[in-house]
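Structural overview
So you can see what is in the structure, the chains are spelled out below.
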Amino acid sequence: MPISELTTLGLILICGALGGCVTSGDRSADGIDRAVAGEPTFMQQTYMTMDTRCRQVKRPTAVLTQKPQHGSVRMLTRKATAVYGPGAYQHCDGKVGKALAFEYTSAPDYRGRDSFEVRVRYSDGEIRHGRYEVDVR
């Protein structure tokens, strides 16, 4: 199976286990988000939760556990489309809700790779860890 298919399959499996997550943004086939130097860019992976009737549940919160070396990150609320994949919440795929999103901005003169890590807490107390890889051009 090609790496891009494995990445997509992994994302779908993780989303189903979380009870909610969404995608948006510009991500390369190898799962690395792309950004233009100095411009705010929303990362593809965002987090949200819906109940079994596909109604919005309190948006998760997060803390930055590892800052990027060459930029900054803001945590914002952004409308996004749910992607659950196979499982109990699959019927919610395509529903729009408020998601926890991460906006990365590199230093204006930086080009290259950067990364940051987050800890996401859902309203039921579940905690997930996320790592973002960014290719700044």
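Our subject is the structure that appears above.
Keep in mind that this is a model prediction, so the values were computed, not measured.

Turning to unusual backbone geometry, a few remarks are in order. Residues other than glycine seldom take positive phi values, yet Cys54 does so here, at roughly 65 degrees. Looking at the secondary structure, you find Cys54 in the loop between strand S4 (45–46) and strand S5 (61–66).

The next subject is the nonpolar core. Counting 17 residues, the largest nonpolar core has Phe102, Tyr104 and Phe116 as the members making the most contacts within it. Of all the elements in the fold, those that place two or more residues in this core are strand S7 (96–106), strand S8 (112–121) and strand S9 (127–136).

Once that is clear, we can look at the packing of aromatic side chains. For the structure on display, the rule yields 6 aromatic pairs. With a centroid separation of 6.3 Å and 55 degrees between ring planes, the pair formed by Phe102 and Phe116 is classed as tilted. One end of the pair, Phe102, is in strand S7; the other, Phe116, is in strand S8, and 14 residues separate them in sequence. Of the two residues, Phe102 and Phe116, neither departs from the other in class, the shared state being buried. Both rings, one in Phe116 and one in Tyr132, keep their centres 4.8 Å apart while their planes meet at 10 degrees; by these two values the pair is stacked.

Tallied over the full model, the rule gives 6 salt bridges. Measuring nitrogen to oxygen at the nearest pair gives 2.9 Å for the salt bridge that ties Arg55 to Asp51. Among the residues examined, Arg55 registers a relative accessible area of 43% and is labelled partly exposed. A residue is classified by how much of its surface remains accessible, and Asp51, at 19% relative accessible area, is buried. Across the pair Arg74 and Glu103 runs a salt bridge whose closest N-O atoms are separated by 2.8 Å. With Arg74 in strand S6 (residues 71–82) and Glu103 in strand S7, this residue pair connects regions lying 29 residues apart in the sequence. In this structure Arg74 comes out as partly exposed when scored by relative accessible area, which is 46%. What makes Glu103 buried here is its relative accessible area of 11%.

Here is what the cut-offs are and how they apply
Residues numbered from 1 in each chain as written. Predicted model: local features only at pLDDT ≥ 70, side-chain atom pairs only at ≥ 80, totals over all residues. Heavy atoms only, no water. Helix = DSSP H or I, 4+ residues; strand = E, 2+ residues; numbered from the N terminus. Core = buried A, V, L, I, M, F, W, Y, C linked by side-chain atoms within 4.5 Å. Buried < 20%, exposed > 50% of the residue type's maximum accessible area, 1.4 Å probe, protein only. Phe/Tyr/Trp six-rings, centres within 6.5 Å; stacked < 30°, edge-to-face > 60°. Salt bridge = Lys/Arg side-chain N within 4 Å of Asp/Glu carboxyl O.

Keep in mind that these numbers describe shape and distance, not what the molecule does.
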